[in-house]
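Observations on chain architecture
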Amino acid sequence: MALHHIIYLSTPTHAYSQADLRDLLAQCQANNGPQHLTGVLFYSPRQLLQVLEGSAEAVRATYARIQHDPRHYGLLKLADKDIRARVFPDWSMALHELPAAWPLHQDLRDLAHLDVAALGLNYTDTMLLQLVQQQLLAA
(Lines give C-alpha, C1' and ligand atoms only; values in the text may rest on other atoms or scores of the structure.)
Protein backbone atom coordinates (compact mmCIF):
# COMPACT_ATOMS: atom_id res chain seq x y z
CA MET A 1 0.00 0.00 0.00
CA ALA A 2 1.31 3.43 -0.92
CA LEU A 3 1.56 5.71 2.09
CA HIS A 4 0.62 9.37 2.29
CA HIS A 5 0.62 12.07 4.93
CA ILE A 6 -0.91 15.44 5.61
CA ILE A 7 0.52 17.87 8.13
CA TYR A 8 -1.59 20.85 9.09
CA LEU A 9 -1.69 23.69 11.54
CA SER A 10 -4.86 25.16 13.06
CA THR A 11 -6.08 27.29 15.96
CA PRO A 12 -8.26 25.81 18.71
CA THR A 13 -11.50 27.67 19.39
CA HIS A 14 -10.77 27.53 23.13
CA ALA A 15 -8.17 26.20 25.56
CA TYR A 16 -8.79 22.47 26.00
CA SER A 17 -9.04 21.02 29.48
CA GLN A 18 -7.29 17.75 30.33
CA ALA A 19 -10.67 16.02 29.97
CA ASP A 20 -11.13 17.62 26.52
CA LEU A 21 -7.70 16.37 25.46
CA ARG A 22 -8.38 12.83 26.73
CA ASP A 23 -11.71 12.80 24.88
CA LEU A 24 -10.11 14.14 21.70
CA LEU A 25 -7.34 11.55 21.83
CA ALA A 26 -9.82 8.71 22.44
CA GLN A 27 -11.97 9.90 19.53
CA CYS A 28 -8.97 10.14 17.20
CA GLN A 29 -7.76 6.67 18.17
CA ALA A 30 -11.22 5.15 17.71
CA ASN A 31 -11.62 6.77 14.28
CA ASN A 32 -8.07 6.16 13.07
CA GLY A 33 -7.60 2.53 14.11
CA PRO A 34 -10.08 1.00 11.64
CA GLN A 35 -8.70 3.24 8.87
CA HIS A 36 -5.09 2.19 9.65
CA LEU A 37 -4.17 5.83 10.20
CA THR A 38 -1.32 6.81 12.45
CA GLY A 39 0.09 10.13 13.56
CA VAL A 40 0.51 12.67 16.28
CA LEU A 41 -1.31 15.78 17.44
CA PHE A 42 0.72 18.57 19.01
CA TYR A 43 -1.46 20.83 21.17
CA SER A 44 -0.99 24.21 22.76
CA PRO A 45 -3.83 26.51 23.82
CA ARG A 46 -3.07 28.67 20.78
CA GLN A 47 -2.12 26.19 18.07
CA LEU A 48 -2.59 22.61 16.89
CA LEU A 49 -0.19 20.77 14.61
CA GLN A 50 -1.22 17.35 13.38
CA VAL A 51 0.50 14.70 11.30
CA LEU A 52 -1.82 12.10 9.71
CA GLU A 53 -0.34 9.15 7.84
CA GLY A 54 -1.81 6.15 6.05
CA SER A 55 -3.35 5.44 2.65
CA ALA A 56 -3.95 8.56 0.57
CA GLU A 57 -7.68 7.85 0.50
CA ALA A 58 -7.98 7.47 4.29
CA VAL A 59 -5.74 10.47 5.04
CA ARG A 60 -7.61 12.77 2.66
CA ALA A 61 -11.04 11.61 3.86
CA THR A 62 -10.02 12.20 7.48
CA TYR A 63 -8.58 15.61 6.67
CA ALA A 64 -11.82 16.55 4.88
CA ARG A 65 -13.73 15.65 8.06
CA ILE A 66 -11.22 17.55 10.23
CA GLN A 67 -11.70 20.69 8.13
CA HIS A 68 -15.32 20.87 9.34
CA ASP A 69 -14.58 20.16 13.02
CA PRO A 70 -15.88 23.12 15.08
CA ARG A 71 -13.16 22.70 17.73
CA HIS A 72 -10.63 24.58 15.60
CA TYR A 73 -10.34 27.01 12.68
CA GLY A 74 -7.84 28.51 10.25
CA LEU A 75 -6.40 25.26 8.93
CA LEU A 76 -3.13 25.65 7.08
CA LYS A 77 -1.94 22.56 5.21
CA LEU A 78 1.85 22.32 5.43
CA ALA A 79 2.30 19.00 3.61
CA ASP A 80 0.15 16.69 1.50
CA LYS A 81 2.33 14.05 -0.12
CA ASP A 82 3.32 10.44 -0.51
CA ILE A 83 5.81 9.07 2.00
CA ARG A 84 8.03 6.00 2.02
CA ALA A 85 7.34 4.92 5.58
CA ARG A 86 5.32 5.92 8.59
CA VAL A 87 7.00 8.12 11.16
CA PHE A 88 4.49 7.07 13.85
CA PRO A 89 3.74 3.41 12.98
CA ASP A 90 2.65 2.43 16.48
CA TRP A 91 0.36 5.37 17.21
CA SER A 92 -3.23 5.39 15.94
CA MET A 93 -2.86 8.89 17.32
CA ALA A 94 -0.58 10.30 19.98
CA LEU A 95 -1.02 13.59 21.75
CA HIS A 96 1.87 15.79 22.74
CA GLU A 97 1.14 18.92 24.72
CA LEU A 98 3.25 21.98 24.02
CA PRO A 99 3.80 24.85 26.42
CA ALA A 100 1.28 27.68 26.27
CA ALA A 101 4.15 29.93 25.22
CA TRP A 102 4.76 27.86 22.09
CA PRO A 103 5.84 30.54 19.64
CA LEU A 104 2.99 30.19 17.17
CA HIS A 105 0.44 32.96 17.39
CA GLN A 106 -2.26 34.26 15.07
CA ASP A 107 0.40 35.68 12.76
CA LEU A 108 1.89 33.05 10.46
CA ARG A 109 5.20 34.90 10.57
CA ASP A 110 5.69 33.45 14.05
CA LEU A 111 6.25 30.10 12.32
CA ALA A 112 9.64 31.53 11.41
CA HIS A 113 10.67 31.20 15.07
CA LEU A 114 9.34 27.69 15.70
CA ASP A 115 11.89 25.17 17.01
CA VAL A 116 11.31 22.64 14.22
CA ALA A 117 13.68 20.05 15.70
CA ALA A 118 11.51 19.82 18.84
CA LEU A 119 8.48 18.63 16.84
CA GLY A 120 9.82 15.12 16.26
CA LEU A 121 9.06 15.10 12.53
CA ASN A 122 10.93 13.07 9.95
CA TYR A 123 13.83 14.56 8.02
CA THR A 124 11.78 15.51 4.95
CA ASP A 125 9.10 17.33 6.93
CA THR A 126 11.69 19.03 9.11
CA MET A 127 13.32 20.31 5.93
CA LEU A 128 9.91 21.41 4.60
CA LEU A 129 9.17 23.45 7.72
CA GLN A 130 12.68 24.91 7.69
CA LEU A 131 12.15 25.98 4.07
CA VAL A 132 8.88 27.67 5.08
CA GLN A 133 10.73 29.40 7.91
CA GLN A 134 13.43 30.67 5.55
CA GLN A 135 10.81 32.08 3.19
CA LEU A 136 9.00 33.80 6.04
CA LEU A 137 12.21 35.33 7.36
CA ALA A 138 13.13 36.53 3.87
CA ALA A 139 9.72 38.12 3.26
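Scope of this entry: the structure provided in the associated data block. (Residues numbered from 1 in each chain as written. Predicted model: local features only at pLDDT ≥ 70, side-chain atom pairs only at ≥ 80, totals over all residues. Heavy atoms only, no water.)

Regarding the packing of aromatic side chains
Per the counting criterion, the structure on display carries three aromatic pairs. For the pair Y16 and Y43, a centre-to-centre distance of 5.1 Å together with 10 degrees between the ring planes defines the contact as stacked. Of this pair, Y16 sits in the loop between strand 1 (3–12) and helix 1 (18–35) while Y43 is found in strand 2 (residues 38–44), placing the two residues 27 residues apart along the sequence. The pair formed by Y16 and Y43 is uniform in burial state, with each residue classed as buried. Plain terms: the ring middles of F88 and W91 are 5.3 Å apart, the flat faces sit at 15 degrees to each other, and that makes the pair stacked. The exposure class of F88 is buried, given its relative accessible area of 7%. Note on W91: relative accessible area 41%, which makes it partly exposed. (Phe/Tyr/Trp six-rings, centres within 6.5 Å; stacked < 30°, edge-to-face > 60°. Helix = DSSP H or I, 4+ residues; strand = E, 2+ residues; numbered from the N terminus. Buried < 20%, exposed > 50% of the residue type's maximum accessible area, 1.4 Å probe, protein only.)

Considering unusual backbone geometry
The backbone of H36 sits at a positive phi, close to 60 degrees, despite the residue not being glycine. Residue position: H36 is located in the loop between helix 1 and strand 2.

None of the figures reported here should be taken as evidence of function without further support.
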